[in-house]
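Summary of the model geometry
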Amino acid sequence: MLYNVENEGSGKETDRMANSNGSNPMVNGNGSNCMVNSNGGNPMTNNNNGIGEDSDTMRVAIGTAAVLGLARCKQECLPTTAHLLMPGQCLLDCAFCAQASSAPDTDRLSRIAWPEFELSQALKALEAGSSKFKRVCLQTINGSGGAEAILDYAMQIIKATDLPTSVDIRTTDMGLIDALFVAGADVVGLPLDAVTPQIYEDVRGGSFQEHLDLLEAASSKHPGRISTHIIVGLGESEKEILRALEKLHEWGVRVGLFALTTVQTEQGKWLTPPRLEAYRRIQAAKWLVENNHPSPSVNRAREIYFSDKDLLNVPGRAFQTSGCKDCNRPYYNERPGDVPFNYPCSLSREDYKTAMKMTRL
Ligand code: SF4
């Protein structure tokens, strides 16, 4: 199949065309055309089975697949973390997620394509190509196999490589978190995504407070080994993000910042990315909070603003991808050629100057 996953901001549904033999996916997932290797084995098509029915495959982020020799792809900045995704369709229905049960196109997560391979092939490639990465991240879905399937996938990855492994899960179960650490995970990610109770309820359902309580308890039980994700652009104010960052830092939780990727909800509404200027302010504020500098101020419009002294403490690193150590997630949130929300590699002097300029109101 030929996938055109790059259609963001157009307001149109993602284009998808099938070629004649239905195999050998060629993916425009990171700005250049990427081709899954025909000799790389047998890339599977996504059949949307629950994990219980589909547990002999693994999905691999297209940039990771290219580094592992499973695909060909021109990449300006290589991924430093190998990103893997459990196959099947999630039974949950987060409004912003391309893997949600009602999502029309589950071939993506963020704006990346994830071709599906036989599990043994993906694990073999990971084992052989471990030295090309500094970390592995397993993104999980809540499929019909439940916690057992998540644990099983994580254990197989941990067995295949000596790399530190992050496992990103949606759970309320401390038992699963404990079990993942016993199995050898380095970090467990409990993505919060939204920073207010109302937005949390609207976009994912469930209790925001319970999730916060779990993050605090898990971080206290496993210090330095719990991470979370925050998505900017779900309708929150800059002030609300800042307060969440302060709280999470106080609890010792690592935060990966994401910009909302354009996605169409079940109701046909298009959610669109945040303004880059707002994102830059949040990145700069995050850097200050996490490096124990005084928090910046907030104005009456609930925007973050910085004194000159604040900004002296903000380096280029503040605008690079954040989250687990060595996770740079190239092209997760942006099209190649666009100014990235999260720089996956170091910024040039010019990029840094522009980013800093954007932090000023
Ligand atoms: S920050 Fe990166 S490595 Fe960590 S859980 Fe998120 S995507 Fe995975």
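Everything here concerns the structure above.
Here's a quick rundown of the structure. Not measured: the values here are computed from a predicted model.

Let us look at the overall build of the protein chain. In terms of regular secondary structure, the protein chain is built from 10 helices and 19 strands. For the protein chain, the residues scored as buried account for 48% of the 361 residues in total.

Here we come to the sheet that holds strand β13 (residues 187-189). Paired through their backbone hydrogen bonds, the strands of a sheet run either parallel or antiparallel. The mixed open sheet is built from 8 strands, whose spatial order is β10-β5-β7-β11-β12-β13-β14-β15. Two strands close off the open sheet at either side, each with one partner strand: β10 (116-118) and β15 (254-259). Going from strand to strand, the sheet's axes swing by 30 degrees on average, the running direction of each strand aside. With 2 bridges joining them, β13 and strand β14 (residues 226-232) adopt parallel strand pairing. In the sheet register, V188 faces β14, and the bridge partner there is I226.

What follows deals with the pairing of strand β5 (residues 57-60). Along β5, one buried face is formed by T57 and R59 and the opposite face, lined by M58 and V60, is buried too. Note that β5 and β10 share 3 bridges and pair antiparallel. What sits directly across from M58, in β10, is F117. Bridge count for β5 against strand β7 (residues 81-85) is 2 bridges, and the pairing is antiparallel. By the bridge assignment for β7, V60 is matched with L84.

Across the 5 residues that make up β7, a large majority, 5, are buried. Bridge count between β7 and strand β11 (residues 135-139): 5 bridges; the pairing is parallel. Directly across from T81, in β11, lies its bridge partner R135.

So, on to the site of the ligand. The local shell around the ligand holds 14 residues, among which C137, G189, G323, C324 and C327 are the closest. Going through the elements one at a time, β11, β12 (165-168), β13 and β14 are the ones with two or more residues in the shell around the ligand. Residues of the shell around the ligand, tallied by class, amount to 4 nonpolar, 7 polar and 3 charged.

About the thresholds
Residues numbered from 1 in each chain as written. Predicted model: local features only at pLDDT ≥ 70, side-chain atom pairs only at ≥ 80, totals over all residues. Helix = DSSP H or I, 4+ residues; strand = E, 2+ residues; numbered from the N terminus. Buried ≥ 20, exposed ≤ 12 C-beta atoms within 10 Å, placed from the backbone. Pairing = 2+ DSSP bridges. Axes fitted to C-alpha atoms, helices over the stretch in contact; angles between N-to-C directions. Near = placed C-beta within 6 Å. Nonpolar A, V, L, I, M, F, W, Y, C, P; charged D, E, K, R; others polar.

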